[in-house]
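# Structural description and commentary
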Amino acid sequence: MDTLEITTETRTLETLEQAAEALKETDSGMIREWLKGLVPEVLGFALQILFAVVLYVIGSRVIRLARKFLRRWLEKADADVGVKQFLDALLKYFLYFVLVVLILTLFGVTAASVVAVIGSAGLALGLAVQGSLSNFAGGVLILLLKPFKVGDFIKEDTNGNEGIVDEISIFYTRLLTADKKTIVIPNGVLANSSLTNATFCDSRRVDLEIGIAYEADLRLAKAILQKQAEAEPCRLPKEEVIVFVSELGASEVKLGLRLWVKTEDYWTARWRLMEQIKLAFDENQIEIPYQKIDVQMREP
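Scope of this entry: the structure provided in the associated data block. (Residues numbered from 1 in each chain as written. Predicted model: local features only at pLDDT ≥ 70, side-chain atom pairs only at ≥ 80, totals over all residues. Heavy atoms only, no water.)

## A word on helix H7 (residues 218-231)
Taking 1.5 Å per residue as the helical rise, H7 with its 14 residues ought to reach 20 Å, and the 20 Å between its terminal C-alpha atoms agrees with that figure. Residues of H7 that are buried: Ala221, Ile224, Leu225, Gln228 and Ala229. Each buried residue of H7 lies within a common arc of 130° when the element is viewed along its axis, so the set occupies one face. Set apart from the buried face of H7 by more than 90 degrees, the exposed residues are Arg219, Lys227 and Ala231. Where H7 is buried, its residues contact strand E6 (203-212), strand E7 (242-248), strand E8 (253-262) and helix H8 (266-283). Residue aspartate 217 occupies the N-cap position of H7, its side-chain oxygen lying 3.2 Å from the main-chain nitrogen of arginine 219. (Helix = DSSP H or I, 4+ residues; strand = E, 2+ residues; numbered from the N terminus. Expected span 1.5 Å × (residues − 1). Buried < 20%, exposed > 50% of the residue type's maximum accessible area, 1.4 Å probe, protein only. Arc of directions from axis to C-beta. Contact = heavy atoms within 4.5 Å. Polar contact = N/O pair within 3.5 Å; in protein donor to acceptor, adjacent residues only side chain to side chain.)

Below you can see the structure in the form of structure tokens.
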């Protein structure tokens, strides 16, 4: 009985060992076959990545050359700075989109598939970027109608933003304020709202209003204003200087002064005139009224 049990156990162990060896041989063979099939796929994918990197590097250089060629052509054509900035940005985004499509084709994505996806998602995409499309259309209108150009000083009347136009891009316009702050305004806002362009013309009129007391010598005050205006070095000599009484107020006589200067000299001339008029009035005892409060105290 004992001999029979030993023999059965031995046979069982041998059977298990044979099965384990067969399983090892089978697993090893399957793994080897799987690895053999995987190597070409890995190598192919690595080559695709390498080609994509090379294509991106070459494409980026081609895009830079294309943008450089466009800028030179626009400079020879004496195009406006805003037109240069707008077309340069437009060409940049378009060429990079084409480059991305070409890279995707290396991974099996066809251009037709990209167009189909864009077409099927056109409605959702249009709703999502309708603001950007409006800004793009606004930028085109700004370049075509030219309400302002780079270097102009404008004031957006809706929100009161003002500054020198520093850049006209595809979707926005950048302003530079007098204290070197940057204001970014969407092109759609500028195209669909009123604005003031203070530097559209080469010359600009300086309008001043100065009040004098009723007791002051009106003729002398007008003569002083005339003299100070004619002595202003930034005044355009061909343009007439006008001095007049603009209003008889409740506590003052308002005098108006008008003269023309170059646009770039506007603030310099205005500030200098205000100072010189005040000093001249003080020398000639011409009072400029200001608010006064009389306090009367009564004894109980």
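Back to the write-up after that little detour.
## What to know about the pairing of strand E4 (residues 182-186)
Every regular strand shows the same layout, with side chains that alternate between the two sheet faces. Alternating positions in E4 separate cleanly, Ile183 and Ile185 being buried on one face and Thr182, Val184 and Pro186 remaining unburied on the opposite face. Of the strand pairs in this sheet, strand E3 (residues 172-176) and E4 are connected by five bridges, and their pairing is antiparallel. Note that in E4 the partner of tyrosine 172 across the bridge is proline 186. In textbook terms, the turn of a hairpin is the stretch between consecutive antiparallel strands, and for E3 and E4 this stretch comprises five residues, one of which, lysine 180, has a positive phi near 65°. (Pairing = 2+ DSSP bridges.)

## Focus: helix H2 (residues 81-105)
Over its 25 residues, H2 runs 37 Å from end to end, which matches the ideal 36 Å to within 8%, given 1.5 Å per residue. Residues of H2 that are buried: Gly82, Val83, Phe86, Asp88, Ala89, Leu99, Val101 and Ile103.

## Here we look at the side chain of threonine 177
Among the structural elements, threonine 177 can be located in the loop between E3 and E4. When its relative accessible area of 14% is taken as the criterion, threonine 177 is described as buried. Within the structure, the side chain of threonine 177 is placed 2.5 Å from the side chain of aspartate 179, a separation counted as a polar contact. Look past the residues within four positions of threonine 177 in its chain and what remains in contact with it is Glu162, Gly163 and Ile183.

## Considering the packing of aromatic side chains
In this description, a pair of aromatic rings is defined by centroid distance and the angle of the planes. According to the stated counting rule, one finds two aromatic pairs in the structure shown. With centroids separated by 5.0 Å and ring planes inclined at 85°, the aromatic side chains of tyrosine 266 and tryptophan 267 adopt a geometry described as edge-to-face. When the ring of tryptophan 267 is compared with that of tryptophan 271, the centres are 5.6 Å apart and the planes differ by 35°; the resulting orientation is tilted. One end of the pair is tryptophan 267 and the other is tryptophan 271, both in helix H8 and four residues apart, which spans about a single turn. Classification of tryptophan 267 as partly exposed rests on a relative accessible area of 46%. Here the aromatic cluster, defined as three or more aromatic residues joined through ring pairs, consists of Tyr266, Trp267 and Trp271. Above the plane of the ring of tyrosine 266 lies arginine 204, whose end atom (NZ or CZ) is 3.7 Å from the centre. (Phe/Tyr/Trp six-rings, centres within 6.5 Å; stacked < 30°, edge-to-face > 60°. Lys NZ or Arg CZ within 6 Å of the ring centre and 35° of its normal.)

## With respect to the sheet that holds strand E1 (residues 153-156)
Taken in spatial order, the five strands of this open sheet run E4-E3-E2-E1-E5, and their pairing is antiparallel. Two strands in the sheet have a free side with no partner beyond their single neighbour: E4 and strand E5 (195-197). Here the average twist between neighbouring strands, direction ignored, is 40°. As paired strands, E1 and E5 are joined by three bridges and run antiparallel to one another. Within the sheet, the bridge partner assigned to isoleucine 154 lies in E5 and is asparagine 197. (Axes fitted to C-alpha atoms, helices over the stretch in contact; angles between N-to-C directions.)

## Points about the sheet that holds E7
Strand order across the open sheet formed by three strands is E6-E8-E7, with antiparallel pairing between neighbours. This sheet does not close on itself; its edge strands, each paired only once, are E6 and E7. Going from strand to strand, the sheet's axes swing by 25° on average, the running direction of each strand aside. Inspection of the sheet shows E7 paired to E8 by six bridges, in the antiparallel sense. By the bridge assignment for E8, leucine 248 is matched with valine 253. In this fold H7 packs onto E6, E7 and E8, with an angle of close to 10° to the strand it touches most, E8. Docked against the sheet, H8 engages E6 and E8, running at close to 25° with respect to E6.

Geometric descriptors of this kind do not, in isolation, establish any biological role.
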